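Overview (structure and organization)
Each chain, letter by letter, is given below.
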Amino acid sequence: MGSNWLIQCMSVSRPIHTALFFSFKRLNIPFTTSTLFFPTTTTTSSARFSSFPSPSASANLDNGKVGKVGLPQLDVLKQKMELLGIICTHSCVPGHYYNLLCPKCKGGQSMERSLSLHIEQNGDFAMWRCFRFDCGWAGRAFADDQATRDGVHKKVTSTGNMTEKSLGLVPLDDKAIAYFRERMISEETLHRNGVMRLLGDKLIIAFTYKQKGLLVGCKYRTVEKKFWQERGTEKVLYGLDDIVDADEIIIVEGELDKLSMEEAGFRNCVSVPAGAPTKVSNKLPSSSKDTAYQYLQNCKTYLDKVSRIILATDGDAPGQALAEELARRLGKDRCWQVRWPEKDEYSCFKDANEVLKYKGPDALKKCKDTCRP
């Protein structure tokens, strides 16, 4: 962590009494920065810190018993994580989740404990992820007692090959399925599109991006509608494999809208990966500088074969700006735009999922007939 972190902890915590140092010595516990103060709450404004582990807890650890996993195996994991700057206290035991200080972003200006760490119950590996929007650092460390005794250490993965396992993705549970059911998305559609969730207590939905069947990226969504992408995610359209042989395609503004279109019978649908701009740009940049729409260039071989493109972006101002930006790049001569049905005398439905949720799949299917050049 470094002396700066230590000084800040000491400045807001109780004084470190000399007697506590002696207690470590008597228990044969090495004194390192990992045995010092560590935050105990994710609240950024809190100044509460935990002190040293109790002598009884430390003694139990020294006996090599933490749950069903021996201390040597935990030491392997902790040593590997310490190489990456993740400092675990003796209270970090398998089968639980801990919020630690991220060594990459340091928790931002507020020093938020944004790194979620989990050690598997069987002690095979540990995984972590920083939930700060501008960080998102994630990885896994593996431990193997036999390999450690042989002097061969398994690789610590901070990014690694992108697989469902390496990202910590698991199948949707009942809570997640119920969340989509409220939005009229069936379990069959979720399964076909590889929608999963991030391992952990909090419901974080994972939209897997695939190309030719291979996982090339992942985008996360919380129930509070906070979004972020996995580092290393390819800039491609969501649902790309569904338009390989399509002559006509539908482009929507979000993954949930792509799933909604499938409920209405349209599988030839893809979603942009990065949302909508606030307004239309003054002029079209060159392709080398058009970074915001790089996903169109990366999917050019797919899009060039399409003769008709239906733009079903959101009905708000950013959604209309996105439709304009897409049409300028894809060619207005082959682009058509959906008009969402009226919600009441003052407004229209915003997007595909809203139409599906309140008017049903047949009404959403008819929206395609209202599109205009």
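Below or above, wherever it landed, is the structure these notes cover. Here the structure is a predicted model, which means the values were calculated and not measured.

Digging into the environment of Trp-137
- With respect to the helices, strands and loops of the structure, Trp-137 is situated in the loop between β5 (125-130) and β6 (138-142).
- C-alpha of Trp-137 to C-alpha of Cys-102: the two residues are 35 residues apart in sequence and 8.2 Å apart in space.

Some points on unusual backbone geometry
- Backbone geometry at Lys-106 places phi at a positive 55°, although glycine is not the residue there.
- Here Lys-106 is to be found in the loop between β3 (97-100) and β4 (115-119).
- Within the chain, Met-184 stands out as a residue other than glycine whose phi angle is a positive 70°.
- Tracing the sequence through the fold places Met-184 in the loop between α6 (174-181) and α7 (187-192).
- Looking at Met-184, the relative accessible area reads 39%, which means it is partly exposed.

Focus on the sheet that holds strand β10 (residues 204-211)
- The antiparallel open sheet is built from five strands, whose spatial order is β8-β9-β10-β11-β12. One side of each edge strand has no neighbouring strand; the edge strands of this open sheet are β8 (169-170) and β12 (227-229).

Let's talk about the packing of aromatic side chains
- Scanning the model with the defined rule gives nine aromatic pairs in all.
- Between Phe-180 and Phe-207, the aromatic rings sit 6.5 Å apart at their centres with planes inclined by 85°, giving edge-to-face as the arrangement. Of the two residues, Phe-180 is situated in helix α6 and Phe-207 in strand β10; the sequence distance between them amounts to 27 residues.
- Among the residues examined, Phe-180 registers a relative accessible area of 1% and is labelled buried.
- Note on Phe-207: relative accessible area 1%, which makes it buried.
- Feature note: the residues Tyr-179, Phe-180, Phe-207, Tyr-209 and Tyr-238 constitute an aromatic cluster, connected by ring pairs.
- Its end group placed over the ring of Trp-137, Lys-104 keeps NZ or CZ at 5.1 Å from the ring centre.
- Lying over the aromatic face of Trp-336, Arg-308 brings its terminal NZ or CZ to 4.4 Å of the ring centre.

Topic: the nonpolar core
- Counting residues in hydrophobic clusters, the biggest one holds 58 residues, and the most contacted among them are Phe-180, Val-195, Ile-251, Met-261, Leu-326 and Trp-340.
- Here this core gets five residues from one element, more than from any other, and that element is helix α11 (residues 317-330).
- Among all residues touching Val-195, those that are not within four sequence positions of it are Leu-172, Phe-180, Leu-190, Ile-205, Ala-206, Phe-207, Tyr-238 and Leu-259.
- Judged by nonpolar contacts, the second largest core, of 19 residues, contains Leu-100, Cys-102, Ala-126 and Cys-130.

Concerning the packing of helix α8 (residues 255-263) against helix α12 (residues 352-359)
- Remark: α8 packs on α12, axes separated minimally by 8 Å, with the N-to-C direction vectors making an angle of 45°. With respect to α12, the axis of α8 lies oblique. Judged by the twist between their axes, the crossing of α8 over α12 is left-handed. Residues Leu-256, Asp-257, Ser-260, Met-261 and Glu-263 of α8 lie in contact with α12, whose contacting residues are Ala-352, Asn-353 and Leu-356.
- Residues that form the contact of α8 with α12 fall into these classes: four nonpolar, two polar and two charged.

Overview of the pairing of β6
- Across the five residues that make up β6, a large majority, four, are buried.
- Where β5 meets β6, five bridges bridge the pair, whose relative direction is antiparallel. Each bridged residue has a counterpart across the sheet, and for Trp-128 the counterpart in β6 is Gly-139.

With respect to the state of the cysteines
- Counted by the stated rule, this structure contains zero disulfides.
- The thiol of Cys-105 is not disulfide-bonded; the next cysteine sulfur, from Cys-130, is found 3.7 Å away.

Considerations on the environment of Cys-105
- Structurally, Cys-105 is set in the loop between β3 and β4.
- Among the residues examined, Cys-105 registers a relative accessible area of 18% and is labelled buried.
- Separated by 25 residues in the primary sequence, Cys-105 and Cys-130 place their C-alpha atoms 8.6 Å from one another.

With respect to the pairing of β10
- Of all the eight residues making up β10, six are buried; the element is thus mostly covered by neighbouring parts of the structure.
- Where strand β9 (residues 195-198) meets β10, three bridges bridge the pair, whose relative direction is antiparallel. Along β10, the bridge assignment pairs Val-195 with Phe-207.
- Where β9 folds back onto β10 in an antiparallel hairpin, the turn is made up of five residues, including Gly-200, whose phi is positive at roughly 150°.

Calculation criteria
- Residues numbered from 1 in each chain as written.
- Predicted model: local features only at pLDDT ≥ 70, side-chain atom pairs only at ≥ 80, totals over all residues.
- Heavy atoms only, no water.
- Helix = DSSP H or I, 4+ residues; strand = E, 2+ residues; numbered from the N terminus.
- Buried < 20%, exposed > 50% of the residue type's maximum accessible area, 1.4 Å probe, protein only.
- Pairing = 2+ DSSP bridges.
- Phe/Tyr/Trp six-rings, centres within 6.5 Å; stacked < 30°, edge-to-face > 60°.
- Lys NZ or Arg CZ within 6 Å of the ring centre and 35° of its normal.
- Core = buried A, V, L, I, M, F, W, Y, C linked by side-chain atoms within 4.5 Å.
- Contact = heavy atoms within 4.5 Å.
- Axes fitted to C-alpha atoms, helices over the stretch in contact; angles between N-to-C directions.
- Parallel < 35°, antiparallel > 145°, perpendicular 65-115°, else oblique.
- Left-handed = near helix turned anticlockwise from the far one by under 90°.
- Nonpolar A, V, L, I, M, F, W, Y, C, P; charged D, E, K, R; others polar.
- Disulfide = S-S within 2.5 Å.

No statement about biological role is implied by the geometric values presented.
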